[in-house]
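Chain by chain, the residues:
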Amino acid sequence: MLANLLKLLQYYKGLGESTFEQLEEEELFLEPADGSNSISVIVKHLWGNMTSRWTNFLTEDGEKSWRDRDAEFESSITSRVELMEKWDQGWKVFLNAIKELKNEDLEKTVYIRNEGHTVIDAIHRQVAHYSYHIGQIVYLGKIIKGEDWDCLSIPRNKSEDYNRKKFAIEVGQRYFTDDL
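Residues numbered from 1 in each chain as written. Predicted model: local features only at pLDDT ≥ 70, side-chain atom pairs only at ≥ 80, totals over all residues. Heavy atoms only, no water.

Draft legend 1. Highlighting the overall build of the protein chain. A tally of helices and strands in the protein chain yields five helices and two strands. Along the protein chain, helices and strands appear, N-terminal first, in the series α-α-α-β-β-α-α. At a minimum sequence separation of 6, the contacts of the protein chain that also span at least 24 residues come to 71%. Accessible area of the protein chain: about 10600 Å², with a carbon and sulfur share of 49%. Here the protein chain holds 23 positive side-chain charges and 32 negative ones, and the gap between their average locations is 4 Å. (Helix = DSSP H or I, 4+ residues; strand = E, 2+ residues; numbered from the N terminus. Contact = heavy atoms within 4.5 Å. Areas by Shrake-Rupley, 256 points an atom, 1.4 Å probe, with all protein chains shown as cover. Lys, Arg positive; Asp, Glu negative; His and termini not counted. Charge placed at Lys NZ, Arg CZ, Asp CG, Glu CD.)

Draft legend 2. View of the environment of Lys92. Positionally, Lys92 belongs in helix α3 (residues 80–100). Look at Lys92 and you get exposed, because its relative accessible area is 56%. (Buried < 20%, exposed > 50% of the residue type's maximum accessible area, 1.4 Å probe, protein only.)

Draft legend 3. Quick look at the pairing of strand β1 (residues 109–112). Side-chain alternation along β1 places Val110 and Ile112 on a buried face and Thr109 and Tyr111 on a face that remains uncovered. Where β1 and strand β2 (residues 115–118) come together, four bridges link them in antiparallel fashion. Opposite Tyr111, over in β2, you have Gly116 as the bridge partner. Linking β1 to β2, which pair antiparallel, is a turn of two residues; within it Arg113 sits at a positive phi near 55 degrees. (Pairing = 2+ DSSP bridges.)

Draft legend 4. Structural detail: the pattern of salt bridges. A full pass over the atoms with the stated rule returns nine salt bridges. A salt bridge links Lys108 to Asp105; the shortest N-O distance between them is 2.8 Å. For Asp105, a relative accessible area of 6% gives the class buried. Across the salt bridge formed by Arg164 and Asp161, the nearest N and O atoms sit 2.6 Å from each other. With a gap of three residues between them, Arg164 and Asp161 both fall in helix α5 (residues 159–167), about one helical turn apart. (Salt bridge = Lys/Arg side-chain N within 4 Å of Asp/Glu carboxyl O.)

Draft legend 5. Structural detail: the side chain of Lys44. Within the element layout of this structure, Lys44 appears in helix α2 (residues 39–54). Nearest to the buried, unbridged Lys44 among oppositely charged side chains is Glu74, at 5.3 Å. A polar side-chain atom of Lys44 sits 2.9 Å from the main-chain carbonyl oxygen of Glu74. Each residue touching Lys44, except ones within four places of it in the same chain, is listed here: Ala71, Glu72, Glu74, Ser76 and Ile77. (Polar contact = N/O pair within 3.5 Å; in protein donor to acceptor, adjacent residues only side chain to side chain.)

Draft legend 6. The arrangement of the nonpolar core in detail. Counting 39 residues, the largest nonpolar core has Trp54, Phe94, Ile98 and Ile123 as the members making the most contacts within it. Elements supplying a minimum of two residues to this core: α1 (2–22), α2, α3, β1 and α4 (119–145). When residues of this core are assigned to their parent elements, the largest contribution, 10 residues, is made by α4. Ignoring any residue separated from it by four or fewer positions in sequence, one finds Ile123 in contact with Leu5, Trp54, Ile98, Leu101 and Leu106. (Core = buried A, V, L, I, M, F, W, Y, C linked by side-chain atoms within 4.5 Å.)

Draft legend 7. Quick peek at unusual backbone geometry. Even without being glycine, Asn56 reaches a positive phi, approximately 50 degrees. Residue position: Asn56 is located in the loop between α2 and α3. With a phi angle near 55 degrees, Arg113 is a residue other than glycine that sits in the positive phi range. Position of Arg113 among the secondary structure elements: in the loop between β1 and β2. Overall, the relative accessible area of 45% leaves Arg113 in the partly exposed class.

Draft legend 8. Representation of α3 in the model. Relative to the 30 Å expected for 21 residues at 1.5 Å per residue, α3 spans 30 Å between its end C-alpha atoms, a close match to the ideal helical length. Regarding α3, the residues found buried are Leu83, Lys86, Trp87, Gly90, Trp91, Phe94, Leu95, Ala97 and Ile98. Looking straight down α3, one finds that the buried residues subtend no more than 155 degrees of arc, so they occupy a single side. Structural note: α3 exposes Val81, Glu85, Lys92, Lys99 and Glu100 on the side pointing more than 90 degrees away from its buried face. Tucked into the core, α3 has its buried residues touching α1, α2 and α4. (Expected span 1.5 Å × (residues − 1). Arc of directions from axis to C-beta.)

Rendered as structure tokens:
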């Protein structure tokens, strides 16, 4: 299960990175409407959440005293380089914590804001949270690029072509996350 989870997480990480690659630096900081978050703010929030939740994951509450969640929603990242540093740092903490887990750890209890969860439940909670925000990043990228957007999944009106290629592959030669 843990190997499968790591593959799924790499897939979602890749969706974010594929979006960043399509955008000009200034587009990473666009706020499409008053009160909305730019991609850089979403990345900053993911970084804060990942570093808090996954540092000393098995032994400390996931909401660290040093985390300033409210500041995560203030626009303070100033460059693509800084954005990518935060992105990479958050993912490194998260993925390393998952890689260090053993199957026997999955039923242990961990805490997030003093609320107990099994490790597997905490993982599911965070994967849902992160994929939600990565979906926002991708959607913002699509809005920003408009017709210049390179689709990260099956393009409109191309499902038949896609399925024809997939069904031409011998059963068992593909892995589900390749199709997400």
